[in-house]
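Descriptive structure summary
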Amino acid sequence: MTDVTPGAIDFVPPAEVKDVELYHPKSWVTKYVFSQDAKVIAIQYSMTAIAIGLIGLVLSWVMRLQLGFPDTFSIIDPSGYYQFITMHGMIMVIYLLTALFLGGFGNYFIPLMVGARDMVFPYVNMLSYWIYLLAVLVLVASFFMPGGPTGAGWTLYPPQAILAGTPGQEWGIVLMLSSLALFIVGFTMGGLNYVVTVLQGRTRGMTLMRMPLTIWGIFMATVLALLAFPALFVGAVMMLFDRLIGTSFFMPSIVEFGEHLQYGGGSPILFQHLFWFFGHPEVYIVALPAFGIVSDLISCHARKNIFGYRMMVWALVAIGALSFVVWAHHMYVSGMNPYFGFFFATTTLIIAIPTAIKVYNWILTLWRGNIHLTLPMLFALAFIVTFVNGGITGLFLGNAVVDVPLSDTMFVVAHFHMVMGVAPIFVIFGAIYHWYPKITGRMLNEPMGKFHFWISFLGAYAIYFPMHYLGFLGVPRRYFELGDTAIYPQSAAALNAFITIVALIVGVAQMVFLYNLVWSYFKGKHAGSNPWRATSLEWQTAETPPGHGNFGKELPVVYRWAYDYSVPGVVEDFIPQNLPPDQIKYSDQKASGAQGAGA
Amino acid sequence: MSFFGQLAEKPWLSAQGRIDNLHEGVAFSLPRAKLALRIFLAVVTVLFMLLIIAYAERMVHEDWRPAPPLRLLWLNTAMLILSSVALQWAKVAVGRAESSPLARRQEMEHVKWGLTAAGVFGSAFLGGQIVAWWQLDSIPFFDITNPAIAFFFLITGLHALHMLGGLVAWGRTAARLNDDANLSRLRLSIELCTVYWHFLLAVWLVLFVLLFSGNDNLATLLAICGIR
């Protein structure tokens, strides 16, 4: 923590921060629709992501209904089932989580938290959103095309993804691949903005190591995304060529119904490499912003500085770097050289080290902190527990020998939902409960929030713990129904039905959350500018919600890091980042001694 | 201080605080647009690297059939080199025009000619690539399932798309030519274009030498590495 004894910090020359050039909207359309203000773009991104995420949620209900109660719903046929799982996976991973964390939170908080008026390239930022929206619309359009959306599984493995017999072979796969390519183009525009704003757009006094960990997480995730998405782009374009003009990048020679297809000589494994060279960093593209945000939530709501800030930053950087050398652990069963598998198992286990450091640091931050069980804190705690659970099953699956029998079972489904589905979603909820007062000026309703939390938290465990057990039994993923397979006990079916019922209940709880978002916007308690008494810059804006240009006439000047909570000898239990040293109020020495003992 | 050097700072110490309070909030002493361009070029580098690796992966299989070499590509390469040289000329001239007001009018003439030549040669390269595609398409026994041919279309196509984007930026730069008042803005635009042009030239040279010059240099490289 900063040494705040009077006189410890020398005189800081008065700030001469110039008003930077800022685009000022002239009409309603340029203010709210084709807006170049990062905050409006953030809300556009978030709304679109949540809307498409709701479709993903409904799809999961439908497929759970099929798994829990096979032969009951005649509207769900095998093709439809495959289409639902495919679209559910792709929507949740790319169009919801990636877009919400980076496009939503990134756009809103990067300029505010680093003390900038806006992103450095506002026009490109606007384009980024509209291309994202186009990508979403193309994806949604595939539901209405002949043959429906693709049912190739979210990994879209060729050759089956573009062969007859796979649902959506006519249009679905084409639209899916086009949508992904568009998404990547749009994201690259946004990503350049986030990275350059963090590197070059900070306000005076905001060194890299004074940035809140939220920004570090989003920054590293963006770097990862910029370097990983090209692999998916190349894969998508190559597969589009295979599908549309008959090249054979990924297509081996195939005999179908006794007829030799025109394809020949391609390598399906090449697509797997390209896909997972993107796909594994994608896990961290979702996880790193969550890591960053949760660090800030814990520090603020436990009124204590984050434990091991530097180590937290290094861990983010290390995880980011390592995430590029683990991709083939998704391909242990593709027939690889055992030495290759050994290499990837080793790197996979190494990545557990920086991740574990982060978990320990969160726990040590909580240790003897002044923990307030507010909604953001509850979700942050739920994240830690869930992430540890999902992470540990990841260590199982990271070992090639353990992975081989568990591969393609429900165990894998349970693992990745815990670690990159439920855990980041909890952070998103925590972040929304935390920052909603800044974005709207009103608090979210607490009883509704508690209801939402407990149903979601307990529900997630009721869904995914039994699913691990199903995986141990050998119940495969991606199967439309188990039928009369004698090897599974009756309890597997009973568990599946139980999971489905819980999933539906958890789904309903999300509706309560959405209702809360709307209700509180009109009727929530007024929040004031800094309800959580937090230190970082977004809480120190002149207006709430922050106006155009974020900060009033002058940009703030930063005097300290973002974690000066409960500093001994200081009256308030937090010191905002931009509070000049001569304005800190000190309690008398006797009292400060008593306070300091507990800090 | 380097990016990684900054990671070693201890922001909670008051001694560090005194240094940090004077920090201007930028990590690199570069205009924002230049940094953004460099990051974008890193992304494009990854893209083409992956394509080359994919090409190599396919090449190591026994049934690899090389694509017929196109002599036109030598000419196209020359066009791209000339384009880059012309832009470099414009960049040097605009620098001189800014630093020595006396020679400004003359130097601005050089800038105009340099920019124009860069655009003409750049477009000639693109036109040449289109002719190359047409030539390949019209050879007897043309077979799109031949991976070498498919890769040629894919990779040169993506390179051409980047070139096309470059020409859009070039057009916007050329539109600034008559705005005499804002010379430093013009200089930045020309510098950005030049970096992009040189980069695309470098990418093309690597692609051409490794994959498309008809000498199977990538095969030799793979053989040296013991992969093929």
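None of the values given here were measured: they were computed from a predicted structure. (Residues numbered from 1 in each chain as written. Chains lettered and ligands numbered in written order. Predicted model: local features only at pLDDT ≥ 70, side-chain atom pairs only at ≥ 80, totals over all residues.)

1. Overview of the overall build of chain B
Spelled out, the test is: Numbering goes from the N terminus for both helices and strands, where a helix is a DSSP run of H or I of at least four residues and a strand is a run of E of at least two. With C-beta atoms placed from the backbone, the exposure class of a residue follows from how many other C-beta atoms lie within 10 Å of its own: 20 or more, buried; 12 or fewer, exposed; in between, partly exposed. Whether two residues are in contact is decided by their C-beta atoms, placed from the backbone, lying within 7 Å.
Helix and strand counts for chain B come out as eight helices and zero strands. The order of helices and strands in chain B, counted from the N terminus, is α-α-α-α-α-α-α-α. Taken over the C-alpha atoms alone, chain B extends approximately 70 × 55 × 25 Å along its principal axes. Each of the 228 residues in chain B was classed as buried or not, and the buried ones make up 31%. At a minimum sequence separation of 6, the contacts of chain B that also span at least 24 residues come to 77%.

2. What to know about the interface of chain B and chain A
Heads up, the rule is: Lys, Arg, Asp and Glu make up the charged group, whereas Ala, Val, Leu, Ile, Met, Phe, Trp, Tyr, Cys and Pro make up the nonpolar group; the residues left over, Gly among them, are polar.
Tallying the contact residues gives 36 residues for chain B and 53 residues for chain A. Contributing elements (two or more residues each) for the side of chain B that touches chain A: helix H2 (14-20), helix H3 (32-59) and helix H6 (147-175) of chain B. Taken together, the residues that form the side of chain B that touches chain A break down as 20 nonpolar, seven polar and nine charged.

3. Quick notes on the environment of Thr-544 of chain A
Residues and elements named next belong to chain A. Structurally, the position occupied by Thr-544 is in the loop between helix H15 (490-523) and helix H16 (589-598). A C-alpha to C-alpha distance of 8.8 Å links Thr-544 and Ala-527, two positions 17 residues apart in sequence. If sequence neighbours within four positions are ignored, Thr-544 has contacts with Lys-438, Gly-441, Ala-527 and Ser-529.

4. Thoughts on helix H6 (residues 213-244) of chain A
Residue and element names in this part refer to chain A. Selection criterion: To estimate how far a helix should reach, multiply one less than its number of residues by 1.5 Å. Bend angle per residue: angle between axes fitted to the 7 residues ending at that residue and the 7 residues starting there.
In this model H6 runs 45 Å from its N-terminal to its C-terminal C-alpha over 32 residues, within 8% of the 46 Å that 1.5 Å per residue would give. The largest bend in H6 amounts to roughly 30 degrees and is located at Leu-227, with the proline Pro-230 lying one to four residues further along. The buried fraction of H6 amounts to 31 of the 32 residues, a majority that puts the element mostly inside the structure. Once H6 ends, the next one or two residues include Gly-246, with phi positive near 80 degrees.

5. Remarks on helix H9 (residues 338-350) of chain A
Residue and element names in this part refer to chain A. Our working definition: Directions from the helix axis toward the C-beta atoms define the arc.
Under the 1.5 Å per step criterion, the end-to-end length of H9 is 18 Å for 13 residues, consistent within 8% with the ideal 18 Å. Within H9, the full set of buried residues consists of Gly-341, Phe-344, Ala-345 and Thr-348. Seen along its axis, H9 keeps its buried residues to an arc of 105 degrees; they face one direction. Projecting away from the buried face of H9 at angles above 90 degrees are the exposed residues Tyr-339 and Phe-342. The inward-facing, buried residues of H9 contact helix H11 (375-398) and helix H12 (400-406).

6. Some thoughts on the nonpolar core
Applied cut-off: The term nonpolar core refers to a set of buried Ala, Val, Leu, Ile, Met, Phe, Trp, Tyr and Cys residues connected through C-beta atoms within 7 Å.
Core analysis: the biggest nonpolar cluster contains 243 residues, and Ala-221, Val-234, Val-294, Phe-379 and Phe-383 of chain A have the highest contact counts within it. Ignoring sequence-local partners within four residues, the contact set of Ala-221 of chain A consists of Phe-101, Leu-102, Tyr-284, Ile-285, Leu-288 and Pro-289 of chain A.

7. As for the packing of helix H7 (residues 268-301) of chain A against helix H10 (residues 352-366) of chain A
All names here are of chain A. Worth spelling out the cut-off: Only C-alpha atoms enter the line fits that serve as axes; for helices the fit covers just the stretch in contact. Angles between N-to-C directions range over 0 to 180 degrees. Should an angle lie under 35 degrees it is considered roughly parallel, over 145 roughly antiparallel, and from 65 to 115 roughly perpendicular; all remaining angles are considered oblique. Each crossing is labelled by how the near helix is turned from the far one, with a counterclockwise turn of less than a right angle marking it left-handed and a clockwise turn marking it right-handed.
Across the interface, H7 lies against H10 with an axial gap of 9 Å and an inter-helix angle of 15 degrees. Overall, the two elements H7 and H10 adopt an arrangement that is roughly parallel. The handedness of the crossing between H7 and H10 is left-handed. When H7 is examined against H10, the residues Phe-291, Val-294, Ser-295, Ile-298 and Ser-299 are found in contact with a partner set consisting of Lys-358, Trp-362, Thr-365 and Leu-366.

8. Description of the environment of Ala-56 of chain B
All names here are of chain B. Along the chain, the position of Ala-56 falls in helix H3. Assessed through the 18 C-beta atoms surrounding it within 10 Å, Ala-56 is described here as partly exposed. Distance from Ala-56 to Leu-211, taken between C-alpha atoms, is 9.2 Å for residues 155 residues apart in sequence. Leave out the neighbours within four places in its chain, and Ala-56 touches Leu-218 and Leu-222.

9. Overview of unusual backbone geometry
Residues and elements named next belong to chain A. Here the bond from Pro-158 into Pro-159 is cis, since omega is 0 degrees, no more than 30 degrees from zero. Position of Pro-159 relative to the elements: it lies in the loop between helix H4 (122-141) and helix H5 (172-200). With an omega of -10 degrees, the peptide bond running from Thr-544 to Pro-545 counts as cis. The phi dihedral of Arg-303 falls on the positive side, at around 50 degrees, and the residue is not glycine. Considering the arrangement of structural elements, one finds Arg-303 in the loop between H7 and helix H8 (309-322). Among the residues examined, Arg-303 registers 17 C-beta atoms within 10 Å and is labelled partly exposed.

10. A few points about the confidence of the model for chain A
Residue and element names in this part refer to chain A. Using the following cut-off: The quantity called pLDDT is the predictor's confidence in a given residue, expressed from 0 to 100.
Per-chain confidence: chain A averages 92 in pLDDT, with 95% of residues scoring 70 or above. Across chain A, H4 holds the top mean pLDDT of 97, while H16 sits lowest at 43. Every residue in residues 591-599 scores below 50 in pLDDT, and together they form 11 contacts with partners more than four places removed in sequence or on other chains.

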